[in-house]
Amino acid sequence: MSDEPLVLGIETSCDETGVGIVRGQTLLVDTVASSVEEHARFGGVVPEVASRAHLEAMVPTIERACREAGVRLRDLDAISVTAGPGLAGALLVGVASAKALALALGTPIYGVNHLASHVAVDIVEHGPLPEPTMAMLVSGGHSSLLLVPDVTNDVRSLGSTMDDAAGEAFDKVARVLGLPFPGGPHVDRAAREGNRIAIDFPRGLTTGRDMERHRFDFSFSGLKTAVARWVETRQRAGEAVPVADVAASFQEAVVDVLTRKALLACKEHDVDHLLIGGGVAANSRLRALAEERCAKAGVTLRVPRPGLCTDNGAMVAALGAQMVSKGRDPSDLGLPTDSSMPVTLVQA
Ligand code: KG4
Ligand code: ZN
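The paragraphs below set out a description of the structure included in this document. (Residues numbered from 1 in each chain as written. Chains lettered and ligands numbered in written order. Predicted model: local features only at pLDDT ≥ 70, side-chain atom pairs only at ≥ 80, totals over all residues. Heavy atoms only, no water.)

## A closer look at the overall build of the chain
A tally of regular secondary structure across the chain gives 13 helices and ten strands. With respect to the principal axes defined by its C-alpha atoms, the chain has extents near 65 × 45 × 30 Å. The burial tally for the chain puts 53% of its 348 residues in the buried class. When the 33 basic and 43 acidic side-chain charges of the chain are each reduced to a single mean position, those positions are 4 Å apart. (Helix = DSSP H or I, 4+ residues; strand = E, 2+ residues; numbered from the N terminus. Buried < 20%, exposed > 50% of the residue type's maximum accessible area, 1.4 Å probe, protein only. Lys, Arg positive; Asp, Glu negative; His and termini not counted. Charge placed at Lys NZ, Arg CZ, Asp CG, Glu CD.)

Written out as structure tokens, the structure reads:
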């Protein structure tokens, strides 16, 4: 096999049916069918609805990806699929589809970790990953700080959220402010008109004993509660809620903690490349503050474009292609899904 393996990646850990095709380190196509609108009226992702949507979208999405990339299924060198973590039923649809393809085509299959895929995707955007790279993943399901000596088999967890994920906090605060689901992009937009120092919201796990014990961990549930209380107090007093200022001040509290801890991790582990991935990496203020603080610290910042930060198939294909190129053994065709797959386990 060439060192430019042609790999199709399937991602179904949440509400996006993603199919991407990568040749080596080149992205050929990234096709996503989202069921987000079907969940919006529930204010969160409904697992059963997501599973059914994956089932319906899978074959058309694979066909579309192949057509747009000008690739025939029989030319594929490997199939890569998210084995976890994620919603159990949703993962099953992706893994069963990938197994069927691998069996029919006689290609190897790689069951990979969703989180490592969020890191690997930047290879198709900005080239090979420096080893080690510091990675901060912030999405609706996770907030983790990872030291990554080798994305194909050595991912170390330095810290993670103790309660809500960063994106979850954005979504919950959006609801308090009467903004639609998923709330992140709406809070981001509202915050542009607001004053980020208007309200001094708490920065969880950043001081004293908390910081000693949870150096690289995060906590956003206290912040979320503080925002809800602040808004309630205004509403009870019959005062108008300054949505833009609340959004901006809340967002500042989140991105301040994220960037501060990420850069501290870089300094203490002597790493000069920071990669930020996951849906919240699309946040404009997080990008701006990370750029500013990285520049000051002499750290090179890598953030994939927003479409590659949210869940997609390209990231799974990108990690699969790395696995093939580095000569990693494929997964067994009987590979399981693992809804709580640990971040340190790159391959199932
Ligand atoms: O990575 P992702 O697509 O799915 C998960 O694996 O969770 O991330 C989705 C999360 C949602 O919570 C969404 O509100 C958040 O990412 N998000 C944002 C922005 N765009 C998406 N949060 C803040 N600012 C944004 N611009
Ligand atoms: Zn994700």
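## Some remarks on the sheet that holds strand 2 (residues 16-23)
Spatially, 3-2-1-4-5 is the arrangement adopted by the five strands of the open sheet, whose pairing is mixed. Sheet topology places strand 3 (26-34) and strand 5 (109-113) at the edges, where each strand pairs with a single neighbour. Adjacent strand axes in the sheet meet at a mean angle of 20° when their direction is disregarded. Note: strand 4 (residues 78-84) against strand 5, five bridges, orientation parallel. Its bridge partner lying in strand 5, G84 is registered against N113. Together, strand 1 (6-11), strand 2 and strand 3 form the strand contacts of helix 2 (residues 47-69), whose direction differs from that of strand 2 by roughly 25°. (Pairing = 2+ DSSP bridges. Axes fitted to C-alpha atoms, helices over the stretch in contact; angles between N-to-C directions. Contact = heavy atoms within 4.5 Å.)

## Some remarks on the pattern of salt bridges
Inspection of every chain in the model, using the stated rule, returns 21 salt bridges. Between K326 and D150 there is a salt bridge, and its shortest N-O distance comes to 3.4 Å. Taken together, the residues span a long stretch of sequence, with K326 in the segment after helix 13 (313-325) and D150 in strand 7 (residues 143-150) at a distance of 176 residues. Its relative accessible area of 34% is what places K326 among the partly exposed residues. One salt bridge in this structure joins R215 and E268, with 2.7 Å as the shortest N-O distance. Of this pair, R215 sits in the loop between helix 8 (208-213) and helix 9 (221-236) while E268 sits in helix 10 (residues 243-268), and the two are 53 residues apart along the sequence. The exposure class of R215 is partly exposed, given its relative accessible area of 31%. (Salt bridge = Lys/Arg side-chain N within 4 Å of Asp/Glu carboxyl O.)

## Let's talk about the site of ligand 1
Neighbouring ligand 1 are 22 residues; G140, D171, G184, D188 and N283 lie closest to it. Within the backbone of G141, a nitrogen or oxygen atom sits 3.2 Å from an oxygen atom of ligand 1. At 2.9 Å from an oxygen atom of ligand 1 is found a main-chain nitrogen or oxygen belonging to G279. Considered on its own, ligand 1 offers 550 Å² of accessible surface; in the complex 89% of this is hidden by protein. When atom positions are compared with the pocket grids, ligand 1 is found to occupy the largest pocket. If you list the elements that add at least two residues to the shell around ligand 1, you get helix 4 (114-120), helix 6 (166-176) and helix 7 (184-191). (Near = heavy atom within 4 Å. Polar contact = N/O pair within 3.5 Å; in protein donor to acceptor, adjacent residues only side chain to side chain. Areas by Shrake-Rupley, 256 points an atom, 1.4 Å probe, with all protein chains shown as cover. 1 Å grid on protein atoms, 1.4 Å probe; cavity = no way out; pocket = protein on both sides within 12 Å on 5 of 7 lines; lining within 4 Å. Sits in = over half its atoms within 2 Å of the grid points.)

## Focus on the sheet that holds strand 6 (residues 133-138)
Here five strands make up an open sheet; going across it, the order is 8-7-6-9-10 and the pairing mixed. At either margin of the open sheet sits one strand with a lone partner, and together these are strand 8 (154-160) and strand 10 (300-302). In this sheet, neighbouring strand axes are inclined to one another by 25° on average, regardless of whether the strands run parallel or antiparallel. Relative to strand 9 (residues 273-277), strand 6 runs parallel, the two being bridged by four bridges. Note that in strand 9 the partner of M134 across the bridge is L274. Its contacts with the sheet put helix 10 on strand 6, strand 7, strand 8 and strand 9, and the angle it makes with strand 6 is roughly 160°.

## Considerations on the layout of surface pockets
Put simply, the largest pocket is a space of about 1,100 Å³. If you go around the largest pocket, you meet 41 residues; those closest to its centre are S139, G140, G141, D171 and P182. Residue assignment for the lining of the largest pocket shows that the elements contributing at least two residues are helix 4, helix 6 and helix 7. Looking at which element gives the most residues to the lining of the largest pocket, the answer is helix 6, with seven residues. Within the lining of the largest pocket, the residues separate by chemical class into 15 nonpolar, 16 polar and ten charged. Two domains each put at least three residues into the lining of the largest pocket: domain 1 (6-121 + 312-325) and domain 2 (129-304). (Points joined across faces, edges and corners; volume = space filled by probe spheres on them. Nonpolar A, V, L, I, M, F, W, Y, C, P; charged D, E, K, R; others polar. Domains from an automatic or database assignment.)

## Notes on the side chain of T82
With respect to the element layout, T82 can be found in strand 4. Residue T82 is classed as buried on the basis of its relative accessible area of 0%. A polar contact is formed between the side chain of T82 and the side chain of E11, at a distance of 2.6 Å.

## Concerning the packing of helix 6 against helix 9
Helix-helix packing is characterised by the crossing angle of the two axes and by the distance between the axes. Their axes nearest at 10 Å, the elements helix 6 and helix 9 cross at an angle of 5°. Taken together, the axes of helix 6 and helix 9 lie roughly parallel to each other. Between helix 6, through K172, V173 and V176, and helix 9, the contact on the second element is made entirely by K224, V227, A228 and V231. Partitioning the contact of helix 6 with helix 9 into residue classes produces five nonpolar, no polar and two charged. (Parallel < 35°, antiparallel > 145°, perpendicular 65-115°, else oblique.)

## What about the nonpolar core?
Counting 50 residues, the largest nonpolar core has M136, F201, F250 and I276 as its most contacted members. Among the elements of the structure, strand 6, strand 7, helix 6, helix 7, helix 9, helix 10, strand 9 and helix 11 (284-297) are those that each provide at least two residues to this core. Top contributing element to this core by residue count: helix 10, with 14 residues. Ranked by size, the runner-up nonpolar core spans 32 residues in total, among them V7, Y110, L275 and M315. (Core = buried A, V, L, I, M, F, W, Y, C linked by side-chain atoms within 4.5 Å.)

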